[in-house]
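So you can see what is in the structure, the chains are spelled out below.
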Amino acid sequence: MENFLLSQVDKLWLEDIKKAIELVKETYSTEQVNHSIRTANILVNKNLKKHTILAALLQTGFFEKYLTLENIELDFGEETSLLVKECTRIKEVLQTNYKKVAPETLSALTLSIATDLRTIIILMADFSDSLQYPITKNNLSQIHIAKNIFYPLTVKLGISDLGWKLSDHSFKLENPNGYNKIKKFVNKTREDREKLIEETKNEIEHLLKNKVKAQVFGRPKNFLAIFEKNKKVPFKKMHDIY
């Protein structure tokens with residue numbers, strides 16, 4: 001994990017990223033270190049830049065009160081400290097209010113608090129990893145926040161790769177039997193389905209070339225969406241799994 005992160009970042013950022021990782025290792029538990037590095041790797045794969053990656057590594061430390069904003073700003077700059085501060089503010093609002101306030105209202109509130117959309121993306125990555133690799137079994141609040149607050153935001157913002165992770169990981173924890181039923185029915189990995197969609201998309205674009213001016217889009221349907229549709233439509237009559 002760490003090696004991938006360090007090999008992929010810009011050489012100009014390398015020393016800052018190394019410094020942040022060393023600070024994380026000195027300060028966090030082993031589980032929190034692994035979680036923070038995996039979260040940072042998600043953002044590297046999305047081609048996000050230095051301060052976003054640094055904030056992903058450090059925001060857990062500020063949220064848990066291991067680190068101060070003053071030290072983060074001194075060592076990693078004001079831009080990083082502002083992202084860390086905003087991540088923590090949103091987390092605190094969500095964890096305090098997720099039982100009291102309607103999810104639609106909290107989603108809108110989350111967007112209104114965020115002065116920088118990078119904080120939303122950091123938290124989406126943070127929650128998706130927390131659900132995929134849960135540290136504790138008592139993660140009902142994370143499931144609720146991921147499924148009912150952040151997932152709708154991924155749809156609104158068009159961040160489909162984080163959207164399916166939030167949806168499917170929360171579905172797997174909440175309803176493992178339902179998840180395994182759909183997994184067995186679909187019988188293809190996410191990568192296989194994405195490859196099939198890409199091949200189909202290219203074929204359609206080729207057929208339309210010089211005939212119709214159009215853009216072709218496709219994405220795999222997440223397991224929760226298939227499960228919900230299966231309540232109304234039997235598998236044999238379901239034609240839009242992909």
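Residues numbered from 1 in each chain as written. Predicted model: local features only at pLDDT ≥ 70, side-chain atom pairs only at ≥ 80, totals over all residues. Heavy atoms only, no water.

### As for the packing of helix α10 (residues 160–174) against helix α13 (residues 223–230)
Close contact between α10 and α13 brings their axes to 8 Å; oriented N to C, the two are set at 60°. Residues Ser167, Asp168 and Phe171 of α10 touch α13, and the partners they reach there are Phe223, Leu224 and Phe227. For the contact of α10 with α13, the class distribution of residues is 4 nonpolar, 1 polar and 1 charged. (Axes fitted to C-alpha atoms, helices over the stretch in contact; angles between N-to-C directions. Helix = DSSP H or I, 4+ residues; strand = E, 2+ residues; numbered from the N terminus. Contact = heavy atoms within 4.5 Å. Nonpolar A, V, L, I, M, F, W, Y, C, P; charged D, E, K, R; others polar.)

### Focus: helix α12 (residues 190–208)
Here α12 contains 19 residues, and its C-alpha end-to-end distance of 27 Å stays within 8% of the 27 Å for a straight helix at 1.5 Å per residue. Looking at α12, one finds that the buried residues are Arg190, Arg193, Ile197 and Lys201. Along the axis of α12, the buried positions cluster into a sector of 75°, meaning they face one direction only. Among the exposed residues of α12, those pointing more than 90 degrees away from its buried face are Glu191, Lys195, Glu203, His206 and Leu207. Where α12 is buried, its residues contact α10, α11 (176–186) and α13. Trailing α12 by a residue or two, asparagine 210 shows a phi angle of about 65°, which is positive. (Expected span 1.5 Å × (residues − 1). Buried < 20%, exposed > 50% of the residue type's maximum accessible area, 1.4 Å probe, protein only. Arc of directions from axis to C-beta.)

### Re the environment of isoleucine 17
By the element assignment, isoleucine 17 lies in helix α2 (residues 14–27). In this structure isoleucine 17 comes out as buried when scored by relative accessible area, which is 0%. Sequence-wise, isoleucine 17 and histidine 144 are 127 residues apart; in three dimensions their C-alpha atoms are separated by 32 Å. Filtering out sequence-adjacent residues up to four positions away, isoleucine 17 remains in contact with Leu5, Leu6, Val9, Lys50, Ile53, Leu54 and Leu57.

### Brief notes about the packing of aromatic side chains
One pass over the structure, following the stated rule, counts 6 aromatic pairs. Geometrically, the ring pair formed by phenylalanine 171 and phenylalanine 227 is tilted, given 5.1 Å between the ring centres and 45° between the ring planes. Taken as a pair, phenylalanine 171 in helix α10 and phenylalanine 227 in helix α13 lie far apart in primary sequence, 56 residues in all. Assigned by exposure class, phenylalanine 171 and phenylalanine 227 land together as buried. Cluster of aromatic residues (ring-pair linked, three or more members): Phe171, Tyr179, Phe223 and Phe227. Over the aromatic face of tyrosine 133 sits the side chain of arginine 38, whose NZ or CZ is 4.0 Å from the ring centroid. The ring of phenylalanine 63 is capped by lysine 91, whose NZ or CZ atom sits 4.8 Å from the centre of that ring. (Phe/Tyr/Trp six-rings, centres within 6.5 Å; stacked < 30°, edge-to-face > 60°. Lys NZ or Arg CZ within 6 Å of the ring centre and 35° of its normal.)

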